[in-house]
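Report on the structure
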Amino acid sequence: MSADLRGIGMTSQRTRDRLIQRLRHAGIQDRQVLQVMADIPRHIFVDEALATRAYEDTALPIGFGQTISQPYIVARMTAALLAGGQPSRVLEVGTGSGYQTAVLAKLVDEVYTVERIGELQNLARQRLARLGLHNVRFKHSDGSWGWKSAAPFDGILVTAAPEEVPEELLNQLADGGRMVIPTGAAGDQQLLLFTRHGDEIHQSNLSRVSFVPLIKGEV
Ligand code: SAH
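Note that this is a predicted model, so its numbers are computed, not measured. (Residues numbered from 1 in each chain as written. Predicted model: local features only at pLDDT ≥ 70, side-chain atom pairs only at ≥ 80, totals over all residues. Heavy atoms only, no water.)

On to the site of the ligand, then. Every one of the 24 residues lining the ligand counts as a neighbour, but S97, E115, D142, G143 and I215 are closest to it. One of the backbone N or O atoms of S69 is found 3.0 Å from an oxygen atom in the ligand. G94 is positioned such that a nitrogen or oxygen atom in its backbone is 3.5 Å from a nitrogen atom of the ligand. For the ligand, whose free accessible area comes to 570 Å², the fraction covered by protein is 99%. More than half of the atoms of the ligand fall within 2 Å of the grid points belonging to the largest cavity. Only strand 2 (66–68) and strand 4 (110–115) provide two or more residues apiece to the shell around the ligand. Broken down by element, the residue count for the shell around the ligand peaks at three residues, all from strand 2. (Near = heavy atom within 4 Å. Polar contact = N/O pair within 3.5 Å; in protein donor to acceptor, adjacent residues only side chain to side chain. Areas by Shrake-Rupley, 256 points an atom, 1.4 Å probe, with all protein chains shown as cover. 1 Å grid on protein atoms, 1.4 Å probe; cavity = no way out; pocket = protein on both sides within 12 Å on 5 of 7 lines; lining within 4 Å. Sits in = over half its atoms within 2 Å of the grid points. Helix = DSSP H or I, 4+ residues; strand = E, 2+ residues; numbered from the N terminus.)

A few words now on the packing of aromatic side chains. Taken as a whole and judged by the stated rule, the model has three aromatic pairs. Seen in terms of ring centroids, F45 and Y99 are 5.5 Å apart; in terms of plane orientation they differ by 75°. Their pairing is edge-to-face. In this pair, F45 is assigned in the loop between helix 3 (31–39) and strand 1 (60–63) and Y99 in helix 5 (residues 99–105), connecting sequence segments 54 residues apart. For the pair Y112 and W147, a centre-to-centre distance of 5.2 Å together with 85° between the ring planes defines the contact as edge-to-face. In this pair, Y112 sits in strand 4 while W147 sits in the loop between strand 5 (136–140) and strand 6 (153–158), placing the two residues 35 residues apart along the sequence. Pair check on accessibility: Y112 and W147 agree, each one buried. Through a chain of ring-to-ring contacts, the aromatic side chains of Y112, W147 and F153 assemble into a single cluster. Here R42 stacks its cationic end above the ring of Y99, 5.7 Å away from the centre of that ring. (Phe/Tyr/Trp six-rings, centres within 6.5 Å; stacked < 30°, edge-to-face > 60°. Buried < 20%, exposed > 50% of the residue type's maximum accessible area, 1.4 Å probe, protein only. Lys NZ or Arg CZ within 6 Å of the ring centre and 35° of its normal.)

What follows concerns the packing of helix 3 against helix 4 (residues 71–82). For any two helices packed against each other, the geometry is given by the interaxial angle and the distance between the axes. The contact between helix 3 and helix 4 brings their axes to 9 Å, and the two run at 140°. The angle between the axes of helix 3 and helix 4 places the two elements in the oblique class. Read as a crossing pair, helix 3 and helix 4 show a hand that is right-handed. Across the interface between the two elements, Q32, V33 and M37 of helix 3 pack against P71, V74, A75, T78, A79 and L82 of helix 4. (Axes fitted to C-alpha atoms, helices over the stretch in contact; angles between N-to-C directions. Parallel < 35°, antiparallel > 145°, perpendicular 65-115°, else oblique. Left-handed = near helix turned anticlockwise from the far one by under 90°. Contact = heavy atoms within 4.5 Å.)

The complete set of buried residues in helix 3 reads V33, L34, V36, M37 and A38. If you check the start of helix 3, you find a side-chain oxygen 3.0 Å away from the backbone N of Q32, and it comes from D30.

Let's shift gears to the layout of surface pockets. One simple way to see leftover space: roll a probe sized like a water molecule over the atoms. Looking at the largest pocket, its volume works out to about 280 Å³. Among the secondary structure elements, those contributing two or more residues to the lining of the largest pocket are strand 1 and helix 6 (118–130). By residue number, the principal contributor to the lining of the largest pocket is helix 6, which donates five residues. Residues that form the lining of the largest pocket fall into these classes: eight nonpolar, four polar and four charged. (Points joined across faces, edges and corners; volume = space filled by probe spheres on them. Nonpolar A, V, L, I, M, F, W, Y, C, P; charged D, E, K, R; others polar.)

On their own, these measurements won't tell you what the molecule is for.
Take a look at the structure:
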């Protein structure tokens, strides 16, 4: 691995391991998720000027008014998605920096990721290629419509909050599949988990969260 990928000082493996320790103390138990997050250099997913803050457990700006999600939330959402067994095909809505995409790419067979901001998508595509992650398909689109031609998905993970859950995403969930999605207006959002059993959909609340809004249309 090249030196800038491996990191040094505030971006080194030791710094990354301290973050993982912190996630463990915060209640993340899924070993696979913790291992993958220990391996992925989060500092290449943010601007160089912010690289030294990449292993703080906080969301950081990635431009265009968007943020890379807080590591704890990435771990929590990924663990919730995987808790029903290893999904094979996963849809992600809101590629953003591509960090969550990379975490998923190391854990499942295929990731389909949709982003409405073209520039963010291009950067994410380059970062995943640098990490040698080739099991990801990218789409520049409004992800509230999901990805019909590739559906159904065993898992759907949404990283921007709609005020109401898009029906089409539930339609694209396979039998036994799970969807993790933040929902609600700014300041009053809940992280929801949906599981499909045949025609029945079960819903549970995971926690209060704060995400950027899901916005219609593409840029
Ligand atoms: N998982 C990302 C989160 C980025 S923030 C990361 O950790 O970097 C949420 C992302 O969702 C932003 O990039 C935003 O542009 C994108 N987004 C918002 N509404 C969307 C929509 N309707 N379809 C696709 N992407 C959307």
